[in-house]
Amino acid sequence: MDEKEIIEVEQQFTPNTYARKNLVIERGKGALLWDKNGREYIDCMSAYGVAVVGHCHPTIVKAIKDQAEILLSCHNSIYTEARSQFLKKLMPITPTGLKRAFLSNSGAESVEAALKIARKYTGKTEFIAFVGAFHGKTMGALSATWNPRYRTPFEPLVPGFKHVPYGRTEAVTAAITDKTAAVIVEPIQGEGGIKVPPEGFLRELRELCDRKNILLVFDEVQTGFGRTGKLFACQHSGVVPDILCLAKSVAGGLPLGITVAREDVMGALKLGEHSSTFGGNPLICAAAAAAIDVVLAEALPERAESLGRQFMARLEETRQRYKIVREVRGRGLMIGVECRFDIYNMLVAAQNRGVIILDAGRNVLRFLPPLVISREQLDKVASVVDMVIGEEDARPHGANPASA
Ligand SMILES: *Cc1c(COP(=O)(O)O)cnc(C)c1O
């Protein structure tokens, strides 16, 4: 198929729910992608943070090929070695105290499981989430998600969700009632604009939840698996949640959601109370086990930490040069550049120069590159970003500044 036909077919046969880039990608390797014409791009999007180990990592590809020859599907009601091997690798690296994992297929599903587990364990029905939060778009996860643009058309949602300002412990305290089951929070908000909470916030949440007998759920679907410079972002603060949601990056590019919980908390789920047909699929588990090997062997969290530091320093130079940049923030290789104006033009300009960048709202450039990206590739990204911001800065502004 040629590019034009590919685009036409996708547009004709799928709902118009994605803001699409004018781009057809054919192949990927490490931090690079190639389009149908063989044009090369440095990928700072990673399929929305999925490609932590890079595209088509040989260890992942081999694990998938080997498993594909043996067994492709096996329901959770039957044991299989691929799943068992994966769990044996996963559980020792999850935060101390989290002992059981429910396997599903996506971020939203990992959140849905967390909500059900929290309700069942506490016998309570209310949740506290945050302004700017993103937890997915299925009905339960959407109820925890903040953005009115996603929520309003589908109301009424699951009742009992309150959203309080991110980073403000006193607002959480004020929202707690005797029906509160859990607080659900991203250790760094992703879709909400790469928001890093104030120092001590997660620790205060932990103390508050302990004091009030409420569960603490961390949604690390975007921050997890090395992205922020630690295997899990909660490890920056030493805080362990009662339930941890993972997805996006955990299976080397394949779909996997994981809800990890304390032994007693997960124990609340009784026979038949939650399940997933595809969850724990042997092919996905083989890829996920290989992804753990790669993340550890290549010390990807440490890599994210040091590369992120260098990259942010360069972005900070750009910020100081151009008025349109308001702030550079993030941790590891999860970085946002907040601008004073709509960033759409800059995304397109960067793509035309061979760099794919993501947005996080209308005025934040978001960088989620594969953690295997090279220093040289990131230097090139920094140069391109400096150039496109410089061009945008030189344009006459003031007509329609993006509302933050
Ligand atoms: C992407 C994301 C989700 C939803 O994941 P899906 O796989 O798209 O359902 C949930 N929480 C966070 C923090 C995310 O970034």
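About the cut-offs
Residues numbered from 1 in each chain as written. Predicted model: local features only at pLDDT ≥ 70, side-chain atom pairs only at ≥ 80, totals over all residues. Heavy atoms only, no water. Buried < 20%, exposed > 50% of the residue type's maximum accessible area, 1.4 Å probe, protein only. Helix = DSSP H or I, 4+ residues; strand = E, 2+ residues; numbered from the N terminus. Pairing = 2+ DSSP bridges. Near = heavy atom within 4 Å. Polar contact = N/O pair within 3.5 Å; in protein donor to acceptor, adjacent residues only side chain to side chain. Areas by Shrake-Rupley, 256 points an atom, 1.4 Å probe, with all protein chains shown as cover. Nonpolar A, V, L, I, M, F, W, Y, C, P; charged D, E, K, R; others polar. Axes fitted to C-alpha atoms, helices over the stretch in contact; angles between N-to-C directions. Contact = heavy atoms within 4.5 Å. 1 Å grid on protein atoms, 1.4 Å probe; cavity = no way out; pocket = protein on both sides within 12 Å on 5 of 7 lines; lining within 4 Å. Points joined across faces, edges and corners; volume = space filled by probe spheres on them. Salt bridge = Lys/Arg side-chain N within 4 Å of Asp/Glu carboxyl O. Parallel < 35°, antiparallel > 145°, perpendicular 65-115°, else oblique. Left-handed = near helix turned anticlockwise from the far one by under 90°.

S.K.: Please clarify how the pairing of strand β15 (residues 364-367) should be interpreted in this entry.
M.R.: Regular strands place their side chains on alternate faces of the sheet. Every second residue of β15 is oriented toward a common face, with Val 364 and Arg 366 on one face and Leu 365 and Phe 367 on the other, all of them buried. Inspection of the sheet shows strand β12 (residues 334-339) paired to β15 by four bridges, in the antiparallel sense. Following the sheet pairing, Val 337 is matched in β15 by Leu 365. Inspection of the sheet shows strand β14 (residues 358-359) paired to β15 by two bridges, in the antiparallel sense. What sits directly across from Asp 359, in β15, is Leu 365.

S.K.: Help me understand unusual backbone geometry, please; the structure alone is not making it clear to me.
M.R.: As a rule of thumb, non-glycine residues mostly have phi less than zero, and peptide bonds are mostly trans rather than cis. Here the amide bond leading from Glu 155 into Pro 156 is cis, since omega sits at 5 degrees, within 30 degrees of zero. Position of Pro 156 relative to the elements: it lies in the loop between α7 (148-151) and β6 (161-164). Positive phi is not limited to glycine here, since Asn 213 has a value of about 65 degrees. As for its position among the elements, Asn 213 is in the loop between α9 (201-212) and β8 (215-219). On the basis of relative accessible area, Asn 213 is assigned to the exposed category, the value being 63%.

S.K.: How should I be thinking about the site of the ligand in this particular structure?
M.R.: For the ligand, the full set of nearby residues is Ser 106, Gly 107, Ala 108, Phe 134, His 135, Gly 136, Glu 186, Asp 219, Val 221, Gln 222 and Lys 248. One of the backbone nitrogen or oxygen atoms of Phe 134 is found 3.3 Å away from a nitrogen atom of the ligand. Here a nitrogen atom of the ligand and a side-chain polar atom of Asp 219 are 2.7 Å apart. Protein burial of the ligand: of its 380 Å² of free accessible surface, 80% is covered by the chains. Of the residues contributing to the shell around the ligand, the split by class is three nonpolar, five polar and three charged.

S.K.: Sorry if this is basic, but what is going on with the sheet that holds strand β5 (residues 126-130) here?
M.R.: Within a sheet, neighbouring strands are paired by backbone hydrogen bonds and run either parallel or antiparallel to one another. As summarised here, the arrangement of the seven strands in space is β4-β10-β9-β8-β7-β5-β6, forming an open sheet in which the pairing is mixed. This sheet does not close on itself; its edge strands, each paired only once, are β4 (98-104) and β6. The mean inter-strand angle of the sheet, taken between neighbouring strand axes irrespective of direction, is 20 degrees. Across the sheet, helix α5 (residues 107-122) touches β4, β5, β6, β7 (180-185), β8, β9 (243-246) and β10 (257-262), and the angle it forms with β10 is around 25 degrees.

S.K.: Is there a simple way to explain the environment of Gly 30 in this structure?
M.R.: As for its position among the elements, Gly 30 is in the loop between β1 (25-29) and β2 (32-35). Judged by relative accessible area, Gly 30 falls into the partly exposed class, the value being 21%. For the pair Gly 30 and Glu 191, spaced 161 residues apart in the sequence, the C-alpha separation amounts to 24 Å. Setting aside residues no more than four positions away along its own chain, Gly 30 makes contact with Gly 54, His 55, Pro 370 and Val 372.

S.K.: Sorry if this is basic, but what is going on with the environment of Asp 43 here?
M.R.: Along the polypeptide, Asp 43 turns up in strand β3 (residues 40-43). Overall, the relative accessible area of 1% leaves Asp 43 in the buried class. Setting aside its immediate chain neighbours within four residues, Asp 43 contacts Ala 31, Leu 33, His 55, Ile 356, Pro 369 and Pro 370. Polar contacts involving the side chain of Asp 43 include one to the main-chain amide nitrogen of Met 45, which spans 2.9 Å. At 2.6 Å, the side chain of Asp 43 forms a polar contact with the side chain of His 55.

S.K.: How do you make sense of empty space enclosed by the protein when you look at a structure like this?
M.R.: Rolled over the atoms, a probe sized like a water molecule indicates the empty space that remains. Inspection of the entire model under this criterion finds one cavity of 30 Å³ or more. Estimates place the volume of the largest cavity at around 40 Å³. Forming the boundary of the largest cavity are Leu 307, Gln 310, Phe 311, Arg 314, Arg 375, Leu 378 and Asp 379. Sorting the residues of the lining of the largest cavity by element identifies α12 (300-321) and α14 (375-394) as the ones contributing at least two each. When residues in the lining of the largest cavity are grouped by element, the largest group, four residues, is from α12. Here the residues of the lining of the largest cavity are counted per class, giving three nonpolar, one polar and three charged.

S.K.: Can you help me understand the pattern of salt bridges in this one?
M.R.: A side chain with one charge may pair with a side chain of the opposite charge, provided their charged atoms come close. Inspection of the entire model under this criterion finds 26 salt bridges. In this structure, Glu 191 engages Arg 366 in a salt bridge whose closest nitrogen and oxygen atoms are separated by 2.8 Å. Of the two residues, Glu 191 sits in the loop between β7 and α9 while Arg 366 sits in strand β15, which places them 175 residues apart along the sequence. The salt bridge partner of Arg 206 is Asp 242, with a shortest N-O separation of 3.0 Å. You can see Arg 206 sitting in helix α9 and its partner Asp 242 sitting in the loop between β8 and β9, a full 36 residues away along the chain. Summarising the burial analysis for this pair, Arg 206 and Asp 242 share the class buried.

S.K.: Sorry if this is basic, but what is going on with the sheet that holds β3 here?
M.R.: If you trace the four strands from one edge of the open sheet to the other, you get β1-β2-β3-β13, paired in mixed fashion. Lying at the two open borders of the sheet, with one neighbouring strand each, are β1 and β13 (355-356). In the sheet, β3 pairs with β13 via two bridges, with the strands oriented parallel. Its bridge partner lying in β13, Asp 43 is registered against Ile 356.

S.K.: Would you mind showing me how to read the packing of helix α3 (residues 58-70) against helix α11 (residues 282-297) here?
M.R.: Helix-helix packing: each pair is described by the crossing angle between the helix axes and the interaxial distance. Their axes nearest at 8 Å, the elements α3 and α11 cross at an angle of 150 degrees. On the basis of their axis angle, the class for α3 and α11 is roughly antiparallel. As for the relative orientation of α3 and α11, their crossing is right-handed in sense. When α3 is examined against α11, the residues Thr 59, Ile 60, Ala 63, Ile 64, Gln 67 and Ala 68 are found in contact with a partner set consisting of Pro 282, Leu 283, Ala 286, Ala 287, Ala 290, Ala 291 and Val 294. When its residues are assigned to classes, the contact of α3 with α11 shows 11 nonpolar, two polar and no charged.

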